[in-house]
Structures are given as structure tokens and as C-alpha cells.
Amino acid sequence: MNAVLLSGLLGVVMMFASFLFRTKAPVRILAILGTVVLLVANIMETKGVHFFHMDTAAFLSFSNYALFFNTIAIAGTLVFFLVSSKDMQRVGNHYAEYFALIFFILTGIFLVTAFTNLLILFIGIEIISIPLYILTGSAKKDLKSNEAALKYFLMGAFSTGIMLMGIALIYGATGTFEIGKMNMTALMKSNLLTGGMLMLLFSMCFKVSVAPFHFWTPDVYDGAPNVFTSFMATIVKVGIFVGFLHLFYSAFEPLSLQWKLWMAILAALTLLVGNITAVFQQSVKRMLAYSSISQAGFMMFALVAMNETAHEGLLLYSIAYSLATIGIFGVISKMSDYSFDGFNGLANHQPLVALCVTIFMLSLAGIPLSAGFLAKFYMLKAVIQGGGYMWLVILGVLMAAVSAYYYFRVIQAMYFKEGPSHFSGISTFEKYVLVGICVLIVFTGLFPNVIFSWLYF
Amino acid sequence: MIALLLILVPLVSGLATFLIKKEEQVRTWSLLAAIITFIIAILGVAVYTAPGGWTFRAEWMGLLNSSFSLKGDGMGIMLCMLTALAYPVIFLSTWTTAYRKVHNFFGLMLLTQAGLMGVFLAMDALLFYFFWELALIPIYFICSQWGGERRIAVTFKFFIYTFIGSLLMLVGILYIYSRTPGHSFDISAFYQAGLSAKEQSWLFWLFFVAFAVKMPVFPFHTWQPDAYQQSPTAATMVLSALMVKMGVLGLLRWLLPVFPIAAYMNGDTISLLAVTGIIYASLIAMRQDDMKRLVAYSSIAHIGLMCAAVFAEDKSAMEGTMIQMFSHGINILGMWIVVEIIERKFGTVKISALGGIAQKAPALTFFFVIIAFANIALPLTNAFIGEFLMFKGILGSKVSQNGVLIMATAGLGIILGAVYTLRMGRKVFFGETNALTEKGTDIVFHEKAILAIIVGAILIVGIYPQPFLNTFDQISQSILKNSDVLPMLMKQKH
């Protein structure tokens, strides 16, 4: 509860910060300090220190898992601020408001990961989505940004409608919004319940861009300002994924016979669409949009497996994927040319940055010693342990090999080709942050024990 | 301790190499590191023969029941020895080759060495997989950055092939892990996984593809000639002399004992594929005009024979394979050194453009002839021992139905091998000199010394192989015991 209220408050504070401060540096420092406070508050809650005493049992329950994920989300946001907050200045004039919106999104994420009531899920998803529509369109003079925002808004509103419809149907079948009180085993054959569940499934798939509900993703990720794409594709996406897992694990578990195969097919489709389309992209930014779809396919493995390993795996995946993606977007926002050719010869001009990008790419491709490998490893392990679905596992690794193709194109461009530099304006501090992310990636890849010992203290 | 040092020394010195700026220092430093590794390996073989010397075990990834477990069995020690011996030779023989950003080159070379040592010593499936991939990444960078004209595409093909193979193997590893009693990645747990014949029949192929790509066995070989031709010679040496052994070791250590029933059932199919590959590669080698491609195809032929011998599941075939792994490493290293010297002297490796080198470079010719003899397995050379034992084993195999057919086809391959090797020797070294070879000079002292080491190794193993065979005795017996399929088939029937 600490984090939910605090992040909401921080959002309000940031809105007023634009009046309080004339220059931009204090705003940024305030936001970063706020995130640190948020992080500390959340960790204190995991240790049993509650700032606010409220009875939320009917709609929110913070399990260890949810709290741990929240820590990851806040820490990820902190990393995101450290890498990209300077670049946010270039988007538009409303610097403080961007931070405010991001804090609101965090509130939404905390709600989505801990809901026990379908209405809270709905509210959480909306709190995440509406600021995202604004952030997508925040480059007001840029036509592509406007187009992306409109597209995102129309499609998002539609999917939210479907979600609400699904919740209504489930209410009709069970007579309650609380997932603990739904007696699903008795209602196995209810068409109303199955229909509602499928609608929820589809609308959640839309939010995490699982094929065939992914069509908005490339355009929105491409059109939105780089810095916000970075946030949208990482923290927000994995946050909704944790909610997705929570919804189907704790609410719809009794119906798993009905949806397991759906999940497997959706995962397979997402892997195929994401990876194969990514191969043909010429722009690294668009490639990353498709790669985020394909990574969503791997995260869907958690929903197919639905066991302990899947839960751990999703945490690892959110760490690995978010760190690498935030890092690479941090680099892209400093490039004037987003195409693969724009990366030509980067190793000559910026050896350190090129090394960092290499590690991000290796992690995304799932090469051992990186967090990305371990994340994929856990996902495969979860599905194999669950039994069945070997075809999905084999398809998964074949698609991982395809993904190596487009991730390595970036490495090839940087190291084995020559070209003029399209990269400028990185400060020494940001370089240190990039190196820090690399260290985190390798450390997680080598000693995942440390991370999990926090989960099971 | 020895096992750990063999990985740590190249790893740490490799990482340190990236920081050195001066070219001379880089070369000296990395040569020194390679020599130190070699000395450690020799000490390990000669002095610390106590069983504890080659084992190391530490906690790692406790949650997954995977440990950092290393152990040198007869085969592993031999391959580590080969790796440790090969590296100083590779560094010395390419001493004068110029590289852009030389510190990166040598750093990556040493990292590859660490990965190779890890693969040869790992006794934990997850650790094995880690090293398996780690050996690949640095060599990928080396070949793509310092290779020939078409290096990027060619190396990438090699990378994708091996990556697909190893990912499939990862699925297999995970599946067996979920079947082991008490969920463990330890190799002994894998041996006792007790997989049913049906499970084995498909898991087998997941592993086999990974190893077959690496060796490479026909029809998974298409990456290899291009990669050997386009890579810088030092990297080609590593690829052909050391990296292919990862595949053979995989077959012996991970495939046969873990999937005995599937190996029994598919053995003949694979052996027939392998010997088809021998004939196919030999025929192509006969038509090659490029010396590098010729050596590459000849390597496919040699590896094919090893693959067929592995699936004979016979003690002498097994020992033959192991000794041949060492010999093939030495011989192909010698071949590449000669090719490299010729390329450096005359600027071409086209057989049709060369001729009559013997008149100008008698010492080089002398060494070449011995290496060529070893390549075609003449008696008194190292390859003769290995190939003889392998043939004996294939013929006496208890599990193979087509032993005679396999042996006859492979034997034809040996004859073809003599044809193309000697043809190359005749056209390049003998006959009349032409305008290009007219100005040739003989090799200098340090080149003679390196080639003398190679030739010395060829002759020692060829004349007195017994110490080697003694080392392999125990490990080949234990592989055979673990992969003995008859009691298992009996059990399945009841």
C-alpha cells in the first residue's frame, strides 16, 4: 500500500513542480529522489513496515510476489530516469508533467499486480493506459507521434471496452467482482463465464501486444518519442504481464483446461509474427518494437506453464528484458539515424557504448552469462516441467535462433562495418549508467540466487 | 585445481589483454599466457596425477541444482593437452601476421581457449552448455572482424547453425533435468535418468544436431568450408583443430551414455550418413583448386570416420576415436601452418598458380610431406594408429548391422584421401617452378621449429602410442558400460 499512495502523491507533487521550479534540473532531481523514496518505501513494506493502515482486503492484497515485482518496477523506473530523463527535455515543454504521468502509471501498475477485485484491475489498466496515450502524443509538433497517439487511443479504448464487457459477463455468472469469492468450479459449464473470461483474455493480450492483437504496437512504438517507447515497452509491459499472470493464476485457474491451449496457440503465434517480421525491418527502433512482441511471446510461456518456476521466470524476464531494452533505447535516443546503417562503425567512434549495446543485444538474444539467457531458460524450464507443449518449447528455441539474426545485425553493423558517427551528446554520467546496467545484466545472469533469495527471505 | 587453472589462466589473461595498448606487449603477453597454460597442463599430466588434481567442484546456482563441477577424465585431459599445446603453436606460427586492433584479437583468442577448456572439463550439463556457447561467441567476433572478403555472411551462417543446434540441445537438457531423480544437472544424474525408449528416440536428435553441426557431419557441414576459407588462419586453426573436437566429445560423453537405446537404434543410420559424407567430401576435395577449401573438405572426411567409429560402440573404436581426435588436431594444425606459410610467401593458395616450391624451399617440403603422410594415415604416423583402431572396431562392432559396408565405404574414403592430398603435394611442391614461385625462399628457423614440434608429435604418437591408449582405457570402458544397451532392452521387454 505504501507505494500505491506514495506514487500517486508523487504524481501530484510533480504536477506542481512545474510551477515551483523555473529550470529543469531541479525537476529532474526531484523526480529521481522521489523514485528513490518510493523504492525505499516499497522495500520497507516487504519488511513489514506499513505507512498507512487501511483495510484493503476486499480489493487489494500485496503478496510477497507482487511487492517484489513492484520493487523491480520502481528500480527499473529509476534506471530509466537515470538513462533517459535528460532526453525527455527534448520531447516538449511539459517536462514536469511527463514525470507526473509516469508516477501515475506506476500507481496503475501497483494496482494491477495486487488486485483481488476485477474492478481494481479495470481501474489499474485505465490508470496505466490514459497517461500512456498522452505520453505517446507528447511530441506535439511531430505528425507521427500524433498519429500514434490517436491510433493507440482508439484501439486501446476499444480493448478496454471489451475488458469491461468481460468483467460484466463474469459478474453476471458469479455475482461478485472479488476473485476470491467466485465459485468457478461450480460454474465450469457456464457460457457466460467462459465468454467473459475469453474477453478478458483478449483484452489483456491487446495490452501486452500478443499476436493477433499486436497491430498497434509497431506504429505506436515507432511513433512515440524514444524515451517513452522505452518506458512503455519495458516497465509497463511487464507490469501488465504480472497482472495477466495474477488474473489467470488466482481467478481462472479452475478453468485452465479451457484456456491453456488458447495461451499456447497465442504464444506460438506471437513468437512467429514477432520474430519473422522483425527480420525484415530496416530501422532498429521498429525492429525493437517487433522484438518486444516476440519477447511477449516468450513471456506468454509463463501463462502456459502457470507453476512456481513460471512465476520466478516472469520476474527474471522482466528484469532481463527491461534492463536491456531501457539500455538500448537510451542509446537510440542519442542517435540521429535509427536504421541499422546508422549503427555502422559505432565501435570505432564510441567503443564503450558499442560494448554496452553488444551486451544488451546478447542478453536479448539469450546468450549465456546474461540475464536474458537465464530468463529464457526459466521460461523453457517452466513449460517443460508443466508437461506437454513440447512443440511450443521447440518452436520457442527455433524462434530464439531467428531472433539472434536481427539482434546480431546491430552488432555486425557496429563492429564489422564502417560509417560516419550518428551518435552524439552522451555525458560521462550516462556512460556510467549504461555500464552499470551491463554489470547488472551479467550479474543477474551469473548469480540469480541473489535475486531469488530476496524473494524468499 | 589443475582443471580450474586451465580455465582461469586463459580467461583472466584474455580479459587483461584487452587493456594492453602496445602491439609487441600484446603478442608477448598472450604467448606467455598460452605457454603458462601449456606448462600447467603438462604438470597436470606428469606431476599431479592424484585423482583430486583434475577435479573441482563449487556451489553455483544452488536453486537449480547445478554446480560448477569440473573433472578431467582420460579424454578430457587429452583434449585439454591438445588445446594447451595448440595455442602456443598457433600464436608462434602467425607471429608476423598483422591485425588491426591486435589486443582485441588476442584477447578473444584466449577467451575462446577458456571456453574450450570448460567444454572439455565440465561435468554438469548446464555448465557444459554455458561453456559450449562461450566458446562460440569470441570466435564469432574473431572471424567476423578479421576474416576475408565474405567474412560477415559466412561467419554468421556458422553462428546461426551452431546456435540453433545448441538451443535444441538446451531443450533436451531441460527435459532430461525434469526427469532426473531429485532434479539435477550433474552428469551422473543424467546417466541415471532412465529415459524410456520413446523419449530417447526424439531427445537423441536434439543433442545430435548440436554435435553434428559442430563436428560437422554430412549433411550439417555446409557452413564449414566457407568458414575455414574466410576466417583468419589463426581462427581457422582453432576451429578445425580444437572446436570440432567439442562435437566428438559431446557424442562420447553426453550422447552415447545418456541415450543408449536411441544410439543403438540410430547408430547405423548415422554411420552411413557419416561415411557418405566421407566419400562426398573426398570427391569435392579432389576438385578443389583452393588449398584452404581442400583442407577443409579433408577435415570433413576425417571427422566422418570418427563419427562412424563412435557409433560402433566398440572398445578399440572408442580408443581409436580418442587418439584420432588428438592426431587430427595435430595434423590439421600442421596443414594450416604450411598453407599459411605458402600464402604469406606467395600471396595465393590457388593450387593451379603454384608449383615447384620444393626446389626453392626444401625444408618446408620435407615437413609438408610428413604432414601429408599423416593426413593419409601412413604407418608410423599418428593417424595410422587411430584409423587402424577405428576400422578394427567398426568391423568388430556388436551393435552395427552394416559394419562391413561402413568399413568398405570409409576405406574408399581413405584411398580418395591419398589421391587428393598427394595431388595437392605434387602440384604445389613438385614440378617446374613458375614466375610466381621462382623468387621463393625457404622457411626460417622459428618456422622450422614449429613444424618440427608438429612432426615430432606425429611421429611420437605414431611410433609409441601405448601411453596414450593406457589413458583412454578407463574412460572408454566406462562409456561403453554406460551405453551398454542389452540389459536395458531386456528390462524394457519385461
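Since this is a predicted model, take the numbers as computed values, not measurements. (Residues numbered from 1 in each chain as written. Chains lettered and ligands numbered in written order. Predicted model: local features only at pLDDT ≥ 70, side-chain atom pairs only at ≥ 80, totals over all residues. Heavy atoms only, no water.)

Caption draft 1: Representation of the environment of Ser 421 of chain A within the structure. All names here are of chain A. Tracing the sequence through the fold places Ser 421 in the loop between helix H16 (390–416) and helix H17 (428–446). Relative accessible area serves as the criterion here: at 38%, Ser 421 is assigned to the partly exposed category. The spacing of Ser 421 and Asp 337 is 84 residues in sequence and 9.4 Å in space, taken between C-alpha atoms. Here the side chain of Ser 421 touches Phe 423 through a polar contact of 3.3 Å, landing on its backbone nitrogen. (Helix = DSSP H or I, 4+ residues; strand = E, 2+ residues; numbered from the N terminus. Buried < 20%, exposed > 50% of the residue type's maximum accessible area, 1.4 Å probe, protein only. Polar contact = N/O pair within 3.5 Å; in protein donor to acceptor, adjacent residues only side chain to side chain.)

Caption draft 2: Examining the confidence of the model for chain A more closely. Averaged over every residue, the pLDDT of chain A is 90; residues scoring 70 or more account for 99%. Across chain A, helix H5 (residues 118–136) of chain A holds the top mean pLDDT of 94, while helix H18 (residues 448–455) of chain A sits lowest at 76. (pLDDT = per-residue confidence, 0-100.)

Caption draft 3: Local environment of the UniProt feature "domain: NADH:quinone oxidoreductase/Mrp antiporter transmembrane" (unreviewed entry) in chain B. When the UniProt feature table is mapped to this numbering, "domain: NADH:quinone oxidoreductase/Mrp antiporter transmembrane" (unreviewed entry) covers residues 122–405 of chain B. Helix makes up 78% of residues 122–405 of chain B and strand 0%, with an end-to-end C-alpha separation of 36 Å. (UniProt positions renumbered as here; feature names shortened; annotations may be inferred.)

Caption draft 4: How the structure looks around the packing of aromatic side chains. The final tally for this structure, using the stated rule, is 75 aromatic pairs over all chains. Ring geometry for Trp 60 of chain B against Phe 130 of chain B: centres 5.1 Å apart, planes inclined by 90 degrees, an arrangement best described as edge-to-face. Here the residue Trp 60 of chain B occupies a position in the loop between strand S1 (55–59) and strand S2 (67–71), and Phe 130 of chain B occupies one in helix H5 (residues 125–146), the gap between them amounting to 70 residues. Each member of the pair, Trp 60 of chain B together with Phe 130 of chain B, is buried. What links up through ring pairs into an aromatic cluster is the set Phe 373, Phe 377 and Tyr 378 of chain A together with Phe 56, Trp 60, Phe 68, Tyr 129, Phe 130, Phe 131, Tyr 177 and Phe 185 of chain B. Of note, Lys 376 of chain A hangs over the ring of Phe 298 of chain A, and the distance from its end group to the ring centre comes to 5.1 Å. Directly above the ring of Trp 132 of chain B sits Lys 214 of chain B, whose terminal nitrogen or CZ lies 5.0 Å from the centroid. (Phe/Tyr/Trp six-rings, centres within 6.5 Å; stacked < 30°, edge-to-face > 60°. Lys NZ or Arg CZ within 6 Å of the ring centre and 35° of its normal.)

Caption draft 5: Spatial organisation of the packing of helix H3 (residues 74–93) of chain B against helix H18 (residues 445–463) of chain B. Residues and elements named next belong to chain B. In contact at an axis separation of 10 Å, H3 and H18 are set at 155 degrees when each is read in the N-to-C sense. One element, H3, and the other, H18, form an angle in the roughly antiparallel class. Both H3 and H18 take part in a crossing whose hand is left-handed. Contact residues: H3 offers Leu 85, Val 89, Leu 92 and Ser 93, while H18 offers His 446, Ile 450, Ile 453 and Ile 454. When its residues are assigned to classes, the contact of H3 with H18 shows six nonpolar, two polar and no charged. (Axes fitted to C-alpha atoms, helices over the stretch in contact; angles between N-to-C directions. Parallel < 35°, antiparallel > 145°, perpendicular 65-115°, else oblique. Left-handed = near helix turned anticlockwise from the far one by under 90°. Contact = heavy atoms within 4.5 Å. Nonpolar A, V, L, I, M, F, W, Y, C, P; charged D, E, K, R; others polar.)

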